[in-house]
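Chain by chain, the residues run as shown.
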2 protein chains.
Amino acid sequence: MANSSFGTNRPIGVAVLGLGNVGSEVVRILLEHADELHARVGAPVVLRGVAVRRTGVERGIAADLLTTDAAALVVRDDVDIVVEVIGGIEPPRALILSALNAGKSVVTANKALLADYTGELAEAAERNRADLYFEASVAGAIPVIRPLMQSLAGDRVNRVVGIVNGTTNFILSAMEETDADYQVALSQAQQLGYAEADPTADVEGYDAAAKAAILASLAFHTRVTAADVYREGITGVSAEDFETAAAFDCTVKLLAMCERLVDPASGNERISVRVYPALIPRKHPLAAVSGAFNAVVVEAEAAGRLMFYGQGAGGAPTASAVLGDLVMAARNKVYEGRGPGESAYAQLPIAPIGDTLVRYHMNLQVDDRPGVLAGVANEFAKRDVSISAVRQEGTGKRARLVVVTHRAPESALADTVQALNEQGFDVIVRSVLRLEGTEE
Amino acid sequence: MANSSFGTNRPIGVAVLGLGNVGSEVVRILLEHADELHARVGAPVVLRGVAVRRTGVERGIAADLLTTDAAALVVRDDVDIVVEVIGGIEPPRALILSALNAGKSVVTANKALLADYTGELAEAAERNRADLYFEASVAGAIPVIRPLMQSLAGDRVNRVVGIVNGTTNFILSAMEETDADYQVALSQAQQLGYAEADPTADVEGYDAAAKAAILASLAFHTRVTAADVYREGITGVSAEDFETAAAFDCTVKLLAMCERLVDPASGNERISVRVYPALIPRKHPLAAVSGAFNAVVVEAEAAGRLMFYGQGAGGAPTASAVLGDLVMAARNKVYEGRGPGESAYAQLPIAPIGDTLVRYHMNLQVDDRPGVLAGVANEFAKRDVSISAVRQEGTGKRARLVVVTHRAPESALADTVQALNEQGFDVIVRSVLRLEGTEE
């Protein structure tokens, strides 16, 4: 067989940091599928140790593999690859840097860390000729990092739109299916284990924003951090929003959007990276992604529109992505190769949210008497915002007016909303959501 | 930037073999996006020559880049990577072997060649420490080769089901939408350029079978050739089949199926690779894949079900996949690394089609008189085939009986059909299609 013709048969040593859902599954597969991994790598893949917070607890793993000294484990001579599945910024950042500086390759699922420190980590990997893989950091088992870094390496990505947070997608799907309000759906998600007791990171969009930063960095060959991402969560989405969305044959999803903006006059390019709940047409491929599933749509110049779909979280799916990276890193150790490193040559500027062209879908409560609609329409016109559709329901003091705009700069739209709010009791802006996934 | 810290700045020379739809697009992008490719690779990527059948024709490319001597081009000292987009077995096979033996890396979109000669080509690549990439050979721009070889390298794939031929999917979609019969839809596809004048390779399933062989090889770490694939085309699919499929809330798709079969008693594994038109439930993710689009569903032990969707053919999408491979191969030349090679360690035996468990959906014309249904049911029972649903329409000599079975060995089902055919004029088997994508 090809594997035996060259390459060493020296075992590849692996250290795993963290033994939660993902770590346990990674360790299980490493131990149970050792023969298969050996065949695929071309050398035995041997678990050298697992760093945990406390030893002495029964974890179904030989006690001598467990250690609380992660710092010593990652630089051990018999460790070739470090798998980091602890999460959070520290100690993972220090441990990964220490491992890379000792020439170890690193596989991590840590989106929060990557969103802010990819540059530092990638440089350390480059300097030490080590691999830094992180397929599991976005969308669990769904291959999206490798397609962006490798499969589309010769193409020009113009847009990435994803549903990359399973918790919020579960909540929004439940709201749509049961007409429930946000708090009810959140409680249900918490009871079923789809949302944490403190759901802030998910429902406020922080998790999605970290993933958006990673996707944008790869798609546009530019370093993007979480702070560059405009972010709104789903806590303000109401049952009424779903009701009015349905009237326009739309649903509501929390979207992570990464777009290349080209100035038509100068040809200058900027990028926009944003996370917010938005209406999308029911016929859009992302509209059918329900429950805790994830999906990412990539639009590239030559490839056209691609979609990747699957389970975006959970111990086993995330472990699948970690192990794929681990096998690749191990093969590179055996064959003395290296995977592709960071490519951040473009360094495109980030456009402020105000410059981004979007469509608004607004729910207004108006006093239905002569002149009010004209007054509302005038506020749009004054800011050059063109209206695409208006729907009025009911009469009297609590008539409902839904206004959908054409694309306009976000700042002009926000100004319009503020002006409407300042009109006093005649007009109440009940909710504003953006409308995405349409061509207009 | 990282790229300048090491690695040579020696240009990477590229030879392109073939200047059809794909080749022209590859050459265009190589020339127009040279700066971007340089940044991504870490060295200039320079087109050294393009092999064509005849020179002297105006092709929009500098004449001194064109040559009819492909054999000389692929071994030129200033060529590092050969892109083969000629198609067919020879001369591509000889040219690729010659290139690999000269240490060049090879990128090819040639599914027919790979389906039969992957072993020989992969061994030549391994021997010469060169890369052999072929993302474009299956499903155009959709990353499916790299996810199977790399992203899922640490997982265990149990099933791959794909719509991998755009021509047949276009024809079947048209039949469904317009109630047209096969010949009408084929003519329409030919007029629109979606089917060739001689459509045999597509409509008889040869193209899909070659792709199924490639997918199965990667999914199961086993060498599978086109001859191992059980194959039926779509020429026998009728408007009536769509009508009866609709009654069961199904549609008809040409599926490429690769399955791991595990003997429950012994645990022994075999694989089944087959291409045929089949009913699938409308709620199955592949049912929504219409027109010339492609999609591949991968089911793996840890990752669960993943789906990849996009444009499966055409010059630009296929060129996107070729260029992704080209950039990776070029980076490996710059950084003296190598991509993962063939992994065919498992060498699982191929199960004959007769052993495969499938469900049948049968359209029968029966003479509706006492005893006929009992006689039909008896033929199933005699072969231990369990019936899942029966629907009878009309009365008299031309009543229609639709029978859907539970899973049974293909051989038992085929025997039943033969026995029914031999019953004489009381029963006419009008059509038989398999039913896939259900759990029963």
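Residues numbered from 1 in each chain as written. Chains lettered and ligands numbered in written order. Predicted model: local features only at pLDDT ≥ 70, side-chain atom pairs only at ≥ 80, totals over all residues. Heavy atoms only, no water.

Undergrad: Quick question: what am I supposed to make of the relation of the copies chain B and chain A here?
TA: In this arrangement, two copies of a chain are superimposed by a rotation about an axis accompanied by a shift along the axis. With an RMSD of 0.0 Å, the operation that places chain B on chain A is a rotation of 180° combined with a shift of 0.0 Å along the axis. The two molecules are tied by a two-fold rotation axis, judged by turn and shift. Using C-alpha coordinates, one finds that chain B approaches the rotation axis most closely at Gly337(B), a distance of 1.8 Å. Interface residue correspondence from chain B to chain A reaches 100%, placing this contact among same-surface, isologous pairings. (Least-squares fit on C-alpha atoms with pLDDT ≥ 70 in both. Contact = heavy atoms within 4.5 Å.)

Undergrad: Would you mind showing me how to read the interface of chain B and chain A here?
TA: Many structure descriptions define interface size as the accessible area lost when the parts assemble. Between chain B and chain A, the residue contacts involve 56 residues of the former and 57 residues of the latter. Taken together, both faces of the contact between chain B and chain A bury some 4900 Å²; the carbon and sulfur share is 56%. Considering only the surface of chain B that becomes buried against chain A, Arg40(B), Ser151(B) and Tyr345(B) emerge as the three largest contributors, covering 13% of it. Taken together, chain B and chain A are joined by two salt bridges. (Buried area = accessible area lost by both parts, 1.4 Å probe. Salt bridge = Lys/Arg side-chain N within 4 Å of Asp/Glu carboxyl O.)

Undergrad: I'm lost on the sheet that holds strand E6 (residues 132-133) of chain A in this one. Help?
TA: Residues and elements named next belong to chain A. Spatially, the six strands line up as an open sheet ordered E3-E2-E1-E4-E5-E6, and their pairing is parallel. Here the strands that pair on one side only, and so sit at the sheet edges, are strand E3 (66-67) and E6. Here six bridges tie strand E1 (residues 12-17) to strand E2 (residues 45-51), and the two strands are oriented parallel to one another. Bridge pairing links Gly13 to Val46 in E2. Against the sheet, helix H5 (residues 92-101) makes contact with E1, strand E4 (81-84) and strand E5 (105-108), and its axis sits at roughly 150° relative to E5, the strand it touches most. (Pairing = 2+ DSSP bridges. Helix = DSSP H or I, 4+ residues; strand = E, 2+ residues; numbered from the N terminus. Axes fitted to C-alpha atoms, helices over the stretch in contact; angles between N-to-C directions.)

Undergrad: Looking at this structure, I do not really get the sheet that holds strand E2 (residues 45-51) of chain B. What am I missing?
TA: Paired through their backbone hydrogen bonds, the strands of a sheet run either parallel or antiparallel. Residues and elements named next belong to chain B. Strand order across the open sheet formed by six strands is E3-E2-E1-E4-E5-E6, with parallel pairing between neighbours. Because the sheet does not close on itself, it has two edges, and the strands there are strand E3 (66-67) and strand E6 (132-133). Here strand E1 (residues 12-17) runs beside strand E4 (residues 81-84); their pairing, made up of four bridges, is parallel. Each bridged residue has a counterpart across the sheet, and for Val16 the counterpart in E4 is Val83. Relative to the sheet, helix H13 (residues 315-335) contacts E1, E4, strand E5 (105-108) and E6, its axis offset from that of E4 by approximately 165°.

Undergrad: Looking at this structure, I do not really get the nonpolar core. What am I missing?
TA: Looking at soluble globular proteins, one finds that nonpolar side chains tend to be buried together. Ranked by internal contacts, the top residues of the largest apolar core, which has 162 residues, are Leu148(A) and Leu148(B). Non-local contacts of Leu148(B), meaning those with residues more than four positions away in its chain, are made with Ala153(B), Val157(B), Val160(B), Leu215(B), Leu218(B), Ala219(B) and Val298(B). With 66 residues, the next largest nonpolar core counts Val161(A), Met362(A), Val366(A) and Leu255(B) among its residues. (Core = buried A, V, L, I, M, F, W, Y, C linked by side-chain atoms within 4.5 Å. Buried < 20%, exposed > 50% of the residue type's maximum accessible area, 1.4 Å probe, protein only.)

Undergrad: What exactly am I supposed to notice about the domain arrangement of chain A here?
TA: Residue and element names in this part refer to chain A. Domain annotation of chain A identifies domain 1 (2-140 + 315-335), domain 2 (145-311) and domain 3 (353-435). The C-alpha-based centres of domain 2 and domain 3 are spaced at 25 Å. With 19 residues of domain 2 in contact, the opposing surface of domain 3 contributes 17 residues. Contact with domain 3 buries surface across domain 2, with Glu240, Phe248 and Leu279 losing the most and accounting together for 35% of the total. At the boundary of domain 2 with domain 3, the tally comes to five salt bridges. The residue Asp355 makes a salt bridge to Arg270 at a minimum N-O spacing of 2.9 Å. (Domains from an automatic or database assignment.)

Undergrad: Before we go on, may I ask you to explain the environment of Ala399(A) in this structure?
TA: Residues and elements named next belong to chain A. Mapped onto the elements of the fold, Ala399 is located in strand E15 (residues 399-405). Counting along the chain gives 31 residues from Ala399 to Asp368, while the straight-line C-alpha distance between them is 5.9 Å. Ala399 has contacts with Leu364, Gln365, Val366, Asp368, Gln392, Glu393 and Gly394, leaving out every residue within four places of it along the chain.

Undergrad: Honestly, the layout of surface pockets in this entry has me stumped. Any pointers?
TA: Rolled over the atoms, a probe sized like a water molecule indicates the empty space that remains. Residues and elements named next belong to chain B. Within this model, the second largest pocket holds a volume of roughly 1200 Å³. Taken together, 47 residues make up the lining of the second largest pocket; nearest its centre are Lys111, Glu196, Asp207, Ala313 and Gly314. If you list the elements that add at least two residues to the lining of the second largest pocket, you get helix H2 (21-32), helix H6 (111-127), helix H8 (166-178), helix H10 (200-203), helix H11 (206-220), strand E11 (293-300) and H13. In terms of residues, the lining of the second largest pocket owes the most to one element, H11, which gives four residues. Of the residues assigned to the lining of the second largest pocket, the class counts are 20 nonpolar, 20 polar and seven charged. The two domains that each donate at least three residues to the lining of the second largest pocket are domain 1 (2-140 + 315-335) and domain 2 (147-311). (1 Å grid on protein atoms, 1.4 Å probe; cavity = no way out; pocket = protein on both sides within 12 Å on 5 of 7 lines; lining within 4 Å. Points joined across faces, edges and corners; volume = space filled by probe spheres on them. Nonpolar A, V, L, I, M, F, W, Y, C, P; charged D, E, K, R; others polar.)

Undergrad: How should H6(B) be read in this particular structure?
TA: Turn by turn, an α-helix covers 3.6 residues, leaving residues three or four places apart pointing in a common direction. Residue and element names in this part refer to chain B. The first and last C-alpha atoms of H6 sit 22 Å apart over 17 residues, in line with the 24 Å expected at 1.5 Å per residue. Of all the bends in H6, the largest measures some 85° and sits at Tyr117. Among the residues making up H6, those that are buried are Leu113, Leu114, Ala115, Thr118, Gly119, Leu121, Ala122, Ala124, Ala125 and Glu126. Phi turns positive, to about 50°, at Arg129, one or two residues after H6. (Expected span 1.5 Å × (residues − 1). Bend = angle between axes of the 7 residues up to and from the residue.)

Undergrad: Is there a simple way to think about the packing of aromatic side chains in this case?
TA: For any two aromatic rings, the description comes down to two numbers: the centre-to-centre distance and the angle of the planes. All names here are of chain B. Per the counting criterion, the structure on display carries five aromatic pairs over all chains. Geometrically, the ring pair formed by Phe170 and Tyr194 is stacked, given 4.2 Å between the ring centres and 20° between the ring planes. Pair noted here: Phe170 is in helix H8 and Tyr194 is in the loop between helix H9 (182-191) and H10, with a separation of 24 residues, a long-range link. Centroid distance Phe293 to Tyr309: 5.3 Å. Interplanar angle 0°. Geometry classified as stacked. (Phe/Tyr/Trp six-rings, centres within 6.5 Å; stacked < 30°, edge-to-face > 60°.)

Undergrad: Mind showing me how you'd approach the side chain of Asp131(A) here?
TA: Residues and elements named next belong to chain A. With respect to the secondary-structure elements, Asp131 resides in the loop between helix H6 (111-127) and E6. Buried charged residue Asp131 carries no salt bridge. Nearest counter-charge: Arg338, at 4.1 Å. In this structure the side chain of Asp131 is engaged in a polar contact, spanning 2.7 Å, whose partner is the side chain of Asn332. Those residues in contact with Asp131 that sit more than four places away from it in its chain are Leu100, Ser105, Val106, Ala329, Asn332, Arg338 and Gly339. (Lys, Arg positive; Asp, Glu negative; His and termini not counted. Polar contact = N/O pair within 3.5 Å; in protein donor to acceptor, adjacent residues only side chain to side chain.)

Undergrad: Just to check I follow, could you spell out the packing of helix H3 (residues 34-41) of chain A against helix H13 (residues 315-335) of chain A for this structure?
TA: Helix packing for two helices is described by the angle between their axes and how far apart those axes are. All names here are of chain A. Their axes nearest at 9 Å, the elements H3 and H13 cross at an angle of 50°. The angle between H3 and H13 falls in the class oblique. Of the two possible hands of crossing, H3 and H13 adopt the one that is right-handed. From H3, Leu37, Arg40 and Val41 reach across to H13, where they touch Val327, Ala330, Arg331, Val334 and Tyr335. Counted by class, the contact of H3 with H13 contains six nonpolar, no polar and two charged residues. (Parallel < 35°, antiparallel > 145°, perpendicular 65-115°, else oblique. Left-handed = near helix turned anticlockwise from the far one by under 90°.)

Undergrad: Would you mind going over the packing of helix H14 (residues 372-382) of chain B against helix H15 (residues 410-421) of chain B with me for this structure?
TA: Residues and elements named next belong to chain B. At a closest axis distance of 9 Å, the pairing of H14 and H15 adopts a crossing angle of 150°. On the basis of the axis angle, H14 is roughly antiparallel to H15. Every pair of crossing elements has a handedness; the one defined by H14 and H15 is right-handed. Every residue of H15 that contacts H14 at Val376, Glu379 and Phe380 is listed here: Thr416, Ala419 and Leu420. In terms of residue class, the contact of H14 with H15 is made up of four nonpolar, one polar and one charged.

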